[in-house]
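Each chain, letter by letter, is given below.
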Amino acid sequence: PYIDCLLLHGPSSVDVLKNPAFHEATDQLKKEKKLRFIGASSHGSRGGRGADMEDILMAAIEDGRFDVLLIVYNFIQKEKGERLFAAAKKKNIGVTIMKSNPVGRYLSTKERVEKLKAEGKQISERDKRSLERYKGSMDDAKDFLKKNNLENPADIKKAAVKFVLNNPDIHSLSLAFRSFDDVEHYLSLSGKKLDPK
């Protein structure tokens, strides 16, 4: 038995990314054939703490010891990802995408709140804050949604995945599977491109 890829998830700085203990341990595991690849991921700084996603992952690319990157990329957040893809391609580093649907959280929270309202149940403060917090993503998505004639959450979810699959520098997506319907949904999209028609 072996681990296919061990991911250093969310290092807060370049120093954490280059931690000698991590690299000594992963080198040893690779020598013992218990680990094939190592990777790094970043969401970027949270609440002003930590380095930017692009800074962290560019450092991982330049470091030369990482095989895979897990990157935030979607139809709203594109530019940083595209710069990272180009640099990773030059070093033959694999690219996996997370957060492919930038309006997913808003839409799922909105659906939950509307259902609670319809049932006459109280809306939690957390749901109210989340709805307000994620609302900006819908404003940012307006042009993409209009251009692709997208109105309902199911079509938006499909288009978000297809948008990512349009980029030939992306090797895989990290997706949440919560049901067998999700499995069927994502498998049906495998390899499909976004077509505005």
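Everything quoted here is computed from the prediction, not taken from an experiment.

## Some details on the overall build of the chain
Then, number 1: Looking only at helices and strands, one finds eight helices and five strands in the chain.
Then, number 2: Listed N to C, the secondary structure of the chain is β-α-α-β-α-β-α-β-α-α-α-β-α in terms of helices and strands.
Then, number 3: Projected onto its principal axes, the C-alpha coordinates of the chain cover approximately 60 × 40 × 35 Å.
Then, number 4: Looking at the chain as a whole, 39% of its 197 residues qualify as buried.
Then, number 5: Within the chain, residue pairs in contact and separated by at least 24 positions form 72% of the contacts whose partners lie at least 6 positions apart.
Then, number 6: Total accessible area on the chain is roughly 12,400 Å²; 49% of this is exposed by carbon and sulfur atoms.
Then, number 7: Side chains of the chain carry 37 positive and 29 negative charges; the gap between the two charge centres is 1 Å.

## Details of unusual backbone geometry
Then, number 1: Phi at Lys33 takes a positive value of approximately 60°, unusual for a residue other than glycine.
Then, number 2: Looking at the secondary structure, you find Lys33 in the loop between helix H2 (20–31) and strand E2 (35–42).
Then, number 3: For Lys33, a relative accessible area of 68% corresponds to the exposed category.

## Section: the pairing of strand E4 (residues 94–98)
Then, number 1: Counting buried residues in E4 gives five out of five residues, a clear majority hidden from the surface.
Then, number 2: Because side chains alternate across E4, one face comprises the buried residues Gly94, Thr96 and Met98, and the other comprises Val95 and Ile97, equally buried.
Then, number 3: Summarising the sheet, strand E3 (residues 68–72) and E4 pair through five bridges and their orientation is parallel. Bridging from a neighbouring strand, Leu69 pairs with Val95 of E4.
Then, number 4: Note on the crossover from E3 through helix H4 (residues 79–90) to E4: the handedness is right-handed.
Then, number 5: Here two bridges tie E4 to strand E5 (residues 172–173), and the two strands are oriented parallel to one another. What sits directly across from Ile97, in E5, is Leu173.

## Considerations on the layout of surface pockets
Then, number 1: There is about 1,800 Å³ of room inside the largest pocket.
Then, number 2: What lines the largest pocket is a set of 45 residues, and nearest its centre among them are Lys99, Asn101, Pro102, Gly104 and Arg105.
Then, number 3: For the lining of the largest pocket, the secondary-structure elements that each account for two or more residues are H4, helix H5 (104–118), helix H6 (125–147), helix H7 (153–165) and helix H8 (180–189).
Then, number 4: Considering only residue class, the lining of the largest pocket consists of 13 nonpolar, 14 polar and 18 charged.
Then, number 5: Put simply, the second largest pocket is a space of about 210 Å³.
Then, number 6: Surrounding the second largest pocket, 17 residues form its lining, Val161, Leu165, Leu173, Ser190 and Gly191 being those nearest its centre.
Then, number 7: Contributions of two or more residues to the lining of the second largest pocket are made by H7, E5 and H8.
Then, number 8: For the lining of the second largest pocket, the per-class residue count stands at 11 nonpolar, five polar and one charged.

## Some remarks on a positive patch on the surface
Then, number 1: Together, Lys99, Arg105, Arg133 and Arg178 give the surface a local cluster of positive charge.
Then, number 2: Tracing the backbone through its elements, the reader meets Lys99 in the loop between E4 and H5.
Then, number 3: Judged by its relative accessible area of 36%, Lys99 is partly exposed.

## Focus on the environment of Leu70
Then, number 1: Mapped onto the fold, Leu70 is located in strand E3.
Then, number 2: Taking the C-alpha atoms as reference points, Leu70 and Ser179, 109 residues apart in sequence, are found 23 Å from one another.
Then, number 3: When sequence neighbours within four positions are dropped, the list of residues in contact with Leu70 reads Leu7, His9, Ala40, Ser41, Ser42, Leu57, Thr96, Ile97, Met98 and Ser174.

What counts, and at which threshold
Residues numbered from 1 in each chain as written. Predicted model: local features only at pLDDT ≥ 70, side-chain atom pairs only at ≥ 80, totals over all residues. Heavy atoms only, no water. Helix = DSSP H or I, 4+ residues; strand = E, 2+ residues; numbered from the N terminus. Buried < 20%, exposed > 50% of the residue type's maximum accessible area, 1.4 Å probe, protein only. Contact = heavy atoms within 4.5 Å. Areas by Shrake-Rupley, 256 points an atom, 1.4 Å probe, with all protein chains shown as cover. Lys, Arg positive; Asp, Glu negative; His and termini not counted. Charge placed at Lys NZ, Arg CZ, Asp CG, Glu CD. Pairing = 2+ DSSP bridges. Right-handed = clockwise from strand over helix to strand, strands pointing away. 1 Å grid on protein atoms, 1.4 Å probe; cavity = no way out; pocket = protein on both sides within 12 Å on 5 of 7 lines; lining within 4 Å. Points joined across faces, edges and corners; volume = space filled by probe spheres on them. Nonpolar A, V, L, I, M, F, W, Y, C, P; charged D, E, K, R; others polar. Patch = residues over 30% accessible without salt bridge, like charges linked within 9 Å, V, L, I, M, F, W, Y side chains within 5 Å. Salt bridge = Lys/Arg side-chain N within 4 Å of Asp/Glu carboxyl O.

Interpretation note: all reported values are geometric properties and have no functional meaning in isolation.
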